[in-house]
Amino acid sequence: MRLCTALTERLGVALPILGAPMAGVAHGTLARAVTEGGGLGMIGVGSADRAELIAQEATVASAGGRLPFGIGLMAWALDERPELLDEAVAARPSLVSVSFGSPGPYVEVLHAAGILVASQVQDRAGAVAAAEAGVDIVVAQGTDAGGHTGTVGTLPLLQIVLDAVDVPVVAAGGIATARGLAGVLAAGAAGAWVGTCLLACPETASSARARAKVLASGETDTILTRVFDIAQGIGWPEQFAGRALRNRFTDTWHGREAALAADAGARRQLAEARDAGDFDTAYIYAGHGVGLVRQSLPAAKVVRDLGEGAVSLLAERLDALLGDEPRPR
Ligand SMILES: Cc1cc2nc3c(=O)[nH]c(=O)nc-3n(C[C@H](O)[C@H](O)[C@H](O)COP(=O)(O)O)c2cc1C
């Protein structure tokens, strides 16, 4: 099955679905599975990841150079670690996203290497700035999203960004089933950028315990919080909190960030819990769509089901809505 949008045309993929770059979770194996399902899989690179991880995971994602893939970088981290950009360029991806900060300084070097550039934005000003910086794809990332994000919901943000820029717009945040994909395509998005709906897939780099916790969580079980970044001393800009599953650590520290920053014991506790895979304390980043993830399915199947389901829904809904009315052209 193929679906045609500006995104599928530019990337040369069958379905308008991008597997979100998720640091620590979306490595080469998940990216490859998403691409094999007809979308484009992306490798997430964390601010503290070794630069060599990029080449290593790119080999896996591309199946030794046969398949297209993308890489997701964080703008605020590149300022201090330009080697991450160098490694990303050298890995020859089709697409690189530079999000959470200005993509501007990095667009030219990526374009010069023949790489398309995307940037996730969280408001109108960010969308306009990204388009003016020359990115090829603007990703409207709503607060429904898992991981670091802004404060505006996906649906209003998508409408705002679609009106604000002329480049293709992809929707991110809360798209976890065919209904979500159909909705954003009908609104005018060129595709969907999905993370949470892949969190229970066996191809993630997460542990079986983390995947089980995702399956057991509902849509009201997340919180947008900075506590995990503060406790790890990670330099995320303040405007980007992370949406994660609520747990004992967030119950204790969310709202008490200054005390947390001064509490070495709490920071040590988080580090130990991470090592032990104890998710009552350690974090699992996930979005509102976690309430729709009820089975551990192969990522290629998740992607195919999204695409095929969206086509059926769009066709059925239009027929039902129009009744005997002729289809407007
Ligand atoms: C576990 C996890 C890790 C993430 N890590 C990154 C990352 O490293 N870089 C990035 O640009 N976005 C990251 N994100 C955000 C995703 O790119 C994307 O915006 C989000 O997953 C879309 O919303 P959804 O989770 O509701 O599908 C992450 C999201 C999750 C769930």
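Every chain's residues receive numbers from 1 upward, in the order its sequence appears when written. The predicted origin of the model limits local features to residues at a pLDDT of at least 70 and limits the giving and counting of side-chain atom pairs to 80 or more, whereas totals for whole chains, interfaces and linings rest on all residues. As a convention, hydrogens and water are excluded, and side-chain values are obtained from all of the structure's heavy atoms.

Draft legend 1. Region of interest: the site of the ligand. Taken together, 20 residues lie around the ligand, and Gln-120, Gln-141, Gly-174, Gly-195 and Thr-196 are the ones closest in. Whenever a nitrogen or oxygen atom comes within 3.5 Å of another N or O atom, the pair is scored as a polar contact, on the condition that within protein one atom can donate a hydrogen and the other can accept it, and that pairs from neighbouring residues in sequence are kept only if both atoms are in side chains. At 3.3 Å from a nitrogen atom of the ligand is found a main-chain nitrogen or oxygen belonging to Pro-21. Contact between the ligand and Gln-120: an oxygen atom at 2.6 Å from a side-chain N or O atom of the residue. Across the complex, the protein chains shield 96% of the 600 Å² of accessible surface that the ligand would expose by itself. A class-by-class count of the residues in the shell around the ligand yields 11 nonpolar, eight polar and one charged. Any residue with a heavy atom lying within 4 Å of a molecule or strand is counted as near it. Each accessible area value is a Shrake-Rupley result obtained with a 1.4 Å probe; residue values ignore everything except the protein chains displayed when judging cover. Asp, Glu, Lys and Arg are counted as charged, while Ala, Val, Leu, Ile, Met, Phe, Trp, Tyr, Cys and Pro are counted as nonpolar; the rest, among them Gly, fall into the polar class.

Draft legend 2. Up close: the domain arrangement of the chain. Annotation comment: domain bounds sourced from an automatic or database domain assignment. Segmenting the chain into domains produces domain 1 (6-202 + 301-322) and domain 2 (208-276). Inter-centroid distance (C-alpha atoms) of domain 1 to domain 2 is 24 Å. Taking both sides of the interface into account, the surface hidden between domain 1 and domain 2 amounts to around 1300 Å²; carbon and sulfur atoms contribute 65%. What gets called buried area is simply the loss in accessible area from a 1.4 Å probe that two parts show on being joined, summed for both. Together, Trp-76, His-148 and Ala-200 form the three largest contributors to the area buried by domain 1 at its contact with domain 2, with a combined 43%. Any Lys or Arg side-chain nitrogen found within 4 Å of a carboxyl oxygen on Asp or Glu counts as a salt bridge. At the surface where domain 1 touches domain 2, the tally comes to zero salt bridges. In this description a helix means any DSSP run of H or I spanning at least four residues, a strand means any run of E spanning at least two, and both kinds are numbered starting from the N terminus. When residues in the side of domain 1 that touches domain 2 are grouped by element, the largest group, three residues, is from strand β7 (residues 147-149). For the side of domain 1 that touches domain 2, the per-class residue count stands at eight nonpolar, 10 polar and one charged.

Draft legend 3. Looking closely at the side chain of His-27. In this fold, His-27 is placed in the loop between β1 (17-19) and α2 (28-36). For this analysis, residues touch if any pair of their heavy atoms sits within 4.5 Å. Not counting residues up to four positions away in its chain, the partners in contact with His-27 are Ile-43, Gly-44, Leu-53, Glu-57 and Ala-205.

Draft legend 4. Layout of the packing of α2 against helix α15 (residues 299-322). To get an axis, fit a line to the C-alpha atoms, keeping to the stretch in contact for a helix; angles then go from 0 to 180 degrees between the N-to-C directions. Close contact between α2 and α15 brings their axes to 7 Å; oriented N to C, the two are set at 35°. You can see that α2 and α15 cross each other, and the crossing is right-handed. In contact with Leu-30, Ala-33, Val-34 and Glu-36 of α2, α15 contributes Ala-299, Ala-300, Val-303 and Arg-304. Partitioning the contact of α2 with α15 into residue classes produces six nonpolar, no polar and two charged. If you view the pair so one helix is near and one far, a crossing is left-handed when the near helix is turned anticlockwise from the far one by less than a right angle, and right-handed when it is turned clockwise.

Draft legend 5. Region of the structure containing the environment of Leu-30. Among the structural elements, Leu-30 can be located in helix α2. By relative accessible area, which is 2% here, Leu-30 ends up buried. Counting along the chain gives 11 residues from Leu-30 to Gly-19, while the straight-line C-alpha distance between them is 8.3 Å. Among residues more than four places away in sequence, those in contact with Leu-30 are Met-22, Val-25, Leu-198, Cys-201, Glu-203, Thr-204 and Ala-299. Only protein chains enter the calculation, and the probe is 1.4 Å; a residue is then buried if its accessible area is under 20% of its type maximum, exposed if over 50%, and partly exposed in between.

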